[in-house]
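Structure assessment
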Amino acid sequence: MNREFYKKLLSLVLPIAFSQFMLSLVGASDAVMLGMISQDALSAVSLAGQVTFVFNLFLTALCAGASMMAAQYWGTGDRSAVEKILAFVLRASLLVSCVFFAGSFFLPQTLMRFFTPEAALIAGGSVYLKASSVSYLFCGVSQIYLCIMKNSGHAVKSTVISSSAVLLNILLNALFIFGLGDIKPMGIAGAALATSAARAVECAWTVIDSKKAGRIRLNLSYFLHKNRALGRVYWKYTLQLLGNQLAWGCGFTMYSVVMGHMGSDAVAANSIANIAKNLMVCFCIGIGNGGSILVGNELGAGRLKKAREYGGRLCRLAILSGIASGGLLLLTSPLILRFSGLNGQAEEYLKWMFAVSSYYLIGKSINTTTIGGIFGAGGDTQFGLICDTITLWCVTVPLGCIAAFVLHWPVLAVYFVLNLDEIVKLPVVYLHYKKYAWVNSLTQKTACLES
């Protein structure tokens, strides 16, 4: 049974983790290339990227809801149900994408003023937002298709598509930022153009691939037909997931707001620290997402005892993965510092931010696997909403704001406070896990996908 579990898990975790790693490389390449232009260019795009971060919160919630249901129904072998889920979620995703496209294209300066009062950062970030706004439309389609592919036995192909798009993005970054031949250097606008072009290719590839035999494809009748039964069940769980994502993500965005008001050096160091954390946590995210699919398959098929056993193994793996990720960050930090391109003050900030981030990654790994993976697989989504709302908005965000704007603590002390959230909630997460409220079969309780 152990061999079967690890074989199934690795077939999901490795592609998902690699895909996440490749996606994080885009942020890393932006940081390196824009840092070569100026520290302000790096900081401006980092702050503008917070709009994309908020967009991804919505998209992550929609995909998590789709994954939760698709994994369980795929476990029962019901292809028609998964096609209905694809159509329903794609319609919702397109609506969200249009809103973010309009905001970034028509109101870029307004959005940037929320993050920083510095004119240079507002100007640079506005250029990036407007030039990359169309990428939201492409991303809203491709990410839903890629999510369904992962849940229908095509996780490797999903990784090939997303990773190829990332490689294209990095190559186009270099081409458009610095220029080549007749292509003039475009700087920040070039980074945005590269993102939009890569997302367009990714979107086209996913749509074309869905036409192949054996794939889950978009059925226009399902897309145009309002399936109220599906909507009731999907939104029952997904709205809680969305609330959880917004509570956590907007709280995390407030961290950038706090750091954005502490000077360009703090913003630049925080940008590099976040990129490094995103790279190191990829395998942990793979365990959470892959584990969610694996547990969801067993729950949907009614094998509740087996799902519970899988949950225990995933938790143990999450602890080991978190320790390994934190240790790897400390080991590689001298190399990152050497090539960061930051000035002396920002580099000093970054050195100690890495030390703080090492313990953060342990908590992040455990919470990603439990709250985002195991609990969500069985529709236990309310806990995450309550836990993250209290942890961030009643503890770390208020304390961080007080430390920065009332007590005027140093940058590193404020950063330490802002990174306590993943550790603070660990005891409550453990106690909730042991209640096993997540051991729940949605397919046996609902008839949500009847037309």
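Residues numbered from 1 in each chain as written. Predicted model: local features only at pLDDT ≥ 70, side-chain atom pairs only at ≥ 80, totals over all residues. Heavy atoms only, no water.

1. What to know about the overall build of the chain
Stated formally: Comment: elements are numbered from the N terminus, with helices defined as DSSP H or I runs of at least four residues and strands as E runs of at least two. Using C-alpha atoms as the atom set, the radius of gyration is obtained and then compared with a globule rule of 2.2 Å times the number of residues to the power 0.38. Relative accessible area decides the class of each residue, using a 1.4 Å probe on protein chains only: under 20% of the type maximum gives buried, over 50% gives exposed, and in between gives partly exposed. What sets the accessible areas is the Shrake-Rupley method with a 1.4 Å probe; for residues, cover comes only from the shown protein chains.
If you tally the helices and strands in the chain, you get 19 helices and 0 strands. Rg of the C-alpha trace for the chain: 21 Å, near the compact-globule value of 22 Å for 451 residues, within the 12% margin. Within the chain, buried positions represent 57% of all 451 residues. When the accessible surface of the chain is totalled, it reaches about 18,300 Å², and 68% of it is carbon and sulfur.

2. Some thoughts on the pattern of salt bridges
Quick reminder of the rule: A carboxyl oxygen of Asp or Glu within 4 Å of a side-chain nitrogen of Lys or Arg is what we treat as a salt bridge.
Taken as a whole and assessed by the stated rule, the structure comprises 10 salt bridges. Residue Glu348 is joined to Lys351 by a salt bridge in which the shortest nitrogen-to-oxygen separation is 3.5 Å. Of this pair, Glu348 and Lys351 both sit in helix H14 (residues 344-377), 3 residues apart, which is roughly one turn of that helix. Glu348 gets classed as partly exposed once you look at its relative accessible area, which sits at 35%. Residues Glu422 and Lys425 are paired through a salt bridge, measuring 3.7 Å at the closest nitrogen-oxygen approach. No difference in accessibility class separates Glu422 from Lys425, as the two residues are buried. A single salt-bridge network, built from bridges that share partners, covers Lys157, Asp209, Lys212 and Arg215.

3. Looking at the nonpolar core
Across soluble globular proteins, nonpolar side chains show a tendency to be buried alongside one another. This is how it is decided: The criterion is simple. A nonpolar core is a set of buried Ala, Val, Leu, Ile, Met, Phe, Trp, Tyr and Cys residues joined through side-chain atoms within 4.5 Å.
By size, the foremost hydrophobic cluster in this structure holds 101 residues, and its most contacted members are Met69, Ile85, Val89, Leu350 and Met353. Listed in part, the 26 residues of the second largest apolar core include Ala155, Leu294, Ala307 and Tyr436.

4. Some points on the packing of helix H1 (residues 2-37) against helix H7 (residues 155-178)
As a reminder of what qualifies: Note on method: axes are straight lines fitted to C-alpha atoms, helices fitted across the in-contact stretch only, with angles between N-to-C directions ranging 0 to 180 degrees. Should an angle lie under 35 degrees it is considered roughly parallel, over 145 roughly antiparallel, and from 65 to 115 roughly perpendicular; all remaining angles are considered oblique.
Their axes nearest at 8 Å, the elements H1 and H7 cross at an angle of 5°. Relative to H7, H1 is oriented roughly parallel.

5. Focus on unusual backbone geometry
In this structure, His408 takes a positive phi of about 55° despite not being glycine. With respect to the helices and strands, His408 occurs in the loop between helix H15 (382-406) and helix H16 (411-418). Judged by relative accessible area, His408 falls into the exposed class, the value being 60%. Of note in the backbone geometry, Tyr436 takes a positive phi value of approximately 60° without being a glycine. Among the structural elements, Tyr436 can be located in the loop between helix H18 (426-433) and helix H19 (442-445).

6. Structural notes on the environment of Leu14
Inspection of the secondary structure assignment puts Leu14 in helix H1. A residue is classified by how much of its surface remains accessible, and Leu14, at 47% relative accessible area, is partly exposed.

7. Re the confidence of the model for the chain
Just so we agree on the cut-off: Values of pLDDT, ranging from 0 to 100, describe the predictor's confidence in every residue of the model.
Across the chain, pLDDT averages 87, with 98% of residues at or above 70. Within the chain, H19 has the poorest average pLDDT of any element, 62, and helix H8 (residues 188-209) the best, 95.

8. Some words on H7
Condition: Expected helix span is taken as 1.5 Å per residue step, with the number of steps being one fewer than the number of residues.
The end-to-end C-alpha distance of H7 is 35 Å, a good match for the 34 Å that 24 residues give at a rise of 1.5 Å each. Just downstream of H7 lies Gly179, where phi reads positive at about 80°.

9. Side note on the packing of aromatic side chains
The following threshold applies: To pair, rings of Phe, Tyr and Trp, with the six-membered ring standing in for Trp, must have centres within 6.5 Å; the planes then decide the type, stacked if under 30 degrees apart, edge-to-face if over 60, and tilted in the middle. Each ring is checked for a lysine NZ or an arginine CZ that lies within 6 Å of its centre and within 35 degrees of its normal; such an atom marks a charge sitting over the ring.
If you walk through the whole model with that rule in mind, you get 17 aromatic pairs. An angle of 85° between the planes, with centres 4.9 Å apart, marks the rings of Phe105 and Phe106 as edge-to-face. Judged by relative accessible area, which is 58%, Phe106 ranks as exposed. An aromatic cluster of at least three residues, connected via ring pairs, comprises Phe55, Phe58, Phe100 and Tyr136. In this structure, Lys130 packs its charged tip against the face of Phe105, placed 5.1 Å from the ring centre.

10. So, the side chain of Thr370
Using the following cut-off: Any N or O atom pair separated by 3.5 Å or less is treated as a polar contact, with the protein-specific requirement of one donor-capable and one acceptor-capable atom, and with residues adjacent in sequence counted only for side-chain atom pairs. Contacts are residue-level and defined by heavy atoms, with any inter-residue pair within 4.5 Å sufficient.
For Thr370, the position within the fold is in helix H14. Exposure remark for Thr370: the relative accessible area of 2% places this residue in the buried category. Polar side-chain contacts of Thr370 include one of 2.8 Å to the backbone oxygen of Ile366. If sequence neighbours within four positions are ignored, Thr370 has contacts with Cys315, Phe375 and Val429.

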